[in-house]
Amino acid sequence: MAIPVIIDTDPGIDDAIALALACASPEIDLLGVTTVGGNTGIENTTGNALRLLHLFGRDDVPVGAGAARALTFEADLGDPSIHGQGGLGGVELPLPERGADPRGALGLLVDLVESHPDPVTLVAIGPLTNVALFAATRPDLYGRLERLVIMGGGVHITGNHTPTAEFNIWFDPEAAARVFAAGVDVTMVGLDVTHKAMFAGTDWAPLRTPDSGAVAKAVTGMVDFYGSFYLSQNGSDATAQHDSLADAEVIAPDLVLTPHFWTGVETAGTLTRGMTVADLTGVWKREPNSHVALDVDVPAFIDLLVGRIAELDARLH
Ligand code: RIB
Ligand code: CA
């Protein structure tokens, strides 16, 4: 039985690849997509979500535009050298006829969760502003979620945007703190596992064949841009497919090891604002509220992601 899923996202190259994985996987019943500002502005993230779902043959999936900014502070949007000016690494995709859903992100989350007969899994792969607003506005419906799976944070690898903060949490720490305290268990897929599962340029070879179609060409075009950023920073074109690992945890939970801890988010620290703090030894004796990914089956993840996208490409083109 496919899992009913809503994805909240800020596409963004790795978000785009995560949407491809979701659309390619029969384990996921994608009910809707909500967008948030983060990697790039809300106009771009919303238009990109519409473009990507069109490319993946899913114009049936509603897209609700959400928060353009964080709850409290004006965080700078993502660095265009990571995801490109428009957010998709310069890959041009046609905008479909249909536009964003008039209900917006919050209205779409409310309607989809309220109307679905089964508990919905919310996968949040951008800043958590929309999720916090949903939890605050309709705690009754938020409490009906099966679970929340996020790409964000880190425990032993604490930061990629600052030394202590991962970008999604850093962008809106108040929202993240609210979400971890909202009473729905958070599966946190953070830097500890996404930085372990690096994709070498050669891992994408199945999408670079003479028969490769539009999906494969778009994905490899985005990966090449993303890889050039990593090359400039690390001397290697190997990339972290952060957001796809959150999807993969839903598709194949055994891919990651997710022990149960209490986790909170620092919002006041001068040096540590946006840091996720997991009580690994239970010293604070607080009720665990999160399943924190600390290990990942790297080959299995790489095979799943590239294999599923290759299947989607073959199916559509
Ligand atoms: O730190 C990685 C996260 O920040 C990913 O979700 C990426 O898309 C950016 O939003
Ligand atoms: Ca993202």
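Residues numbered from 1 in each chain as written. Chains lettered and ligands numbered in written order. Predicted model: local features only at pLDDT ≥ 70, side-chain atom pairs only at ≥ 80, totals over all residues. Heavy atoms only, no water.

**Points about a nonpolar patch on the surface**
Together, Leu71, Leu106 and Leu133 line one region of the surface with nonpolar side chains, adding up to about 210 Å² of accessible area. With respect to the helices and strands, leucine 133 occurs in helix α5 (residues 129-137). Leucine 133 gets classed as partly exposed once you look at its relative accessible area, which sits at 34%. (Patch = residues over 30% accessible without salt bridge, like charges linked within 9 Å, V, L, I, M, F, W, Y side chains within 5 Å. Areas by Shrake-Rupley, 256 points an atom, 1.4 Å probe, with all protein chains shown as cover. Salt bridge = Lys/Arg side-chain N within 4 Å of Asp/Glu carboxyl O. Helix = DSSP H or I, 4+ residues; strand = E, 2+ residues; numbered from the N terminus. Buried < 20%, exposed > 50% of the residue type's maximum accessible area, 1.4 Å probe, protein only.)

**Observations concerning the packing of helix α4 (residues 104-115) against α5**
Between α4 and α5, whose axes approach to 10 Å, the crossing angle comes to 60 degrees. The pairing of α4 with α5 is recorded here as oblique in orientation. At the point where α4 passes α5, the crossing takes the right-handed sense. Each of Ala105, Leu106, Leu109, Val110 and Val113 in α4 lies in contact with α5, whose residues at this interface are Asn130, Leu133, Phe134 and Thr137. (Axes fitted to C-alpha atoms, helices over the stretch in contact; angles between N-to-C directions. Parallel < 35°, antiparallel > 145°, perpendicular 65-115°, else oblique. Left-handed = near helix turned anticlockwise from the far one by under 90°. Contact = heavy atoms within 4.5 Å.)

**Observations regarding the pattern of salt bridges**
Scanning the model with the defined rule gives eleven salt bridges in all. The shortest N-O distance in the salt bridge between aspartate 60 and arginine 58 comes to 2.8 Å. Judged by its relative accessible area of 53%, aspartate 60 is exposed. For aspartate 295, the salt bridge goes to lysine 196, with nearest N and O atoms at 3.2 Å. In this pair, aspartate 295 is assigned in strand β14 (residues 295-296) and lysine 196 in the loop between α9 (191-194) and β7 (198-199), connecting sequence segments 99 residues apart. When salt bridges with common partners are traced through the structure, they connect Asp101, Arg103 and Asp111 into a single cluster.

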